[in-house]
Amino acid sequence: MNRRRPLWMLKLACAATALVAAALFFGAAPPVIARALPDGSPRFGARFWADLAYIWIIGALCLTALREAWTVCTAIGAGNAFSERNARALLRIARRMAAACALLFAGLVYLVATRGGQTDPLLAGLMGLGVCAGLILALCAAAAADLIRAGTALKEENDLTI
């Protein structure tokens, strides 16, 4: 089976997503946070740095999950799709995306609880979308890890039979 084209596309998607995520989390986030600070708060005070750290932690979780996805794609390209190493990498992706999902959900709850009716609907909607996307990615990665693990067991059994 020819795996080159789909793997090339997966790697391209990982790289493009990493570039966009880095630009959003580390480039666009600081000025957006600075503009969203309440009136009268210092421009680069504790609130700014707390909000920025929150976003950077979520960004780091997402980018390290993308790095793991890249290693899985590389292993598949090398003909080593069914391995315990890939299963563990997919579980790490699932855990990181679940952690990012939980952080986004906690941030959304905090935002609604502290701002009530003055919550920016676009921000709340984007955070809700991030929660859903993170949950879907975590569940898909966990399911793929189970499938890879089952495939690894079958591969090892077949290797012993021959």
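Our subject is the structure listed above.
First, a word on scope: everything that follows refers to the structure included in this document.

Definitions and cut-offs
Residues numbered from 1 in each chain as written. Predicted model: local features only at pLDDT ≥ 70, side-chain atom pairs only at ≥ 80, totals over all residues. Heavy atoms only, no water. Helix = DSSP H or I, 4+ residues; strand = E, 2+ residues; numbered from the N terminus. Expected span 1.5 Å × (residues − 1). 1 Å grid on protein atoms, 1.4 Å probe; cavity = no way out; pocket = protein on both sides within 12 Å on 5 of 7 lines; lining within 4 Å. Points joined across faces, edges and corners; volume = space filled by probe spheres on them. Nonpolar A, V, L, I, M, F, W, Y, C, P; charged D, E, K, R; others polar. Buried < 20%, exposed > 50% of the residue type's maximum accessible area, 1.4 Å probe, protein only. Contact = heavy atoms within 4.5 Å.

1. Thoughts on helix α3 (residues 84–115)
Each turn of an α-helix holds 3.6 residues, which means side chains three or four residues apart point in the same direction.
Move 1: Its 32 residues place the ends of α3 46 Å apart at the C-alpha level, agreeing with the 46 Å of an ideal helix rising 1.5 Å per residue.
Move 2: At the C-terminal side of α3, Gly-116 shows a positive phi close to 55°.

2. Observations regarding the layout of surface pockets
Move 1: Taken as a whole, the largest pocket holds about 1900 Å³ of empty space.
Move 2: Residue lining of the largest pocket: 50 residues in total, with Phe-25, Ile-58, Cys-62, Leu-104 and Gly-130 positioned closest to the centre.
Move 3: For the lining of the largest pocket, the secondary structure elements donating two or more residues are α1 (4–36), α2 (46–77), α3 and α4 (121–161).
Move 4: Grouping the constituent residues of the lining of the largest pocket by class yields 41 nonpolar, five polar and four charged.

3. Considerations on the environment of Ala-153
Move 1: Inspection of the secondary structure assignment puts Ala-153 in helix α4.
Move 2: Taking the relative accessible area as the measure of exposure, Ala-153 reaches 42% and is therefore partly exposed.
Move 3: Ala-153 sits 62 residues away from Leu-91 along the chain, and the two C-alpha atoms are 17 Å apart.

4. Here we look at the environment of Phe-82
Move 1: Looking at the element boundaries, Phe-82 is found in the loop between α2 and α3.
Move 2: For Phe-82, a relative accessible area of 39% gives the class partly exposed.
Move 3: C-alpha of Phe-82 to C-alpha of Thr-114: the two residues are 32 residues apart in sequence and 47 Å apart in space.
Move 4: The contacts of Phe-82, once residues within four sequence positions are left out, are Leu-147, Ile-148, Gly-151, Thr-152 and Lys-155.

Scope: geometric values only; no functional claims are made or implied.
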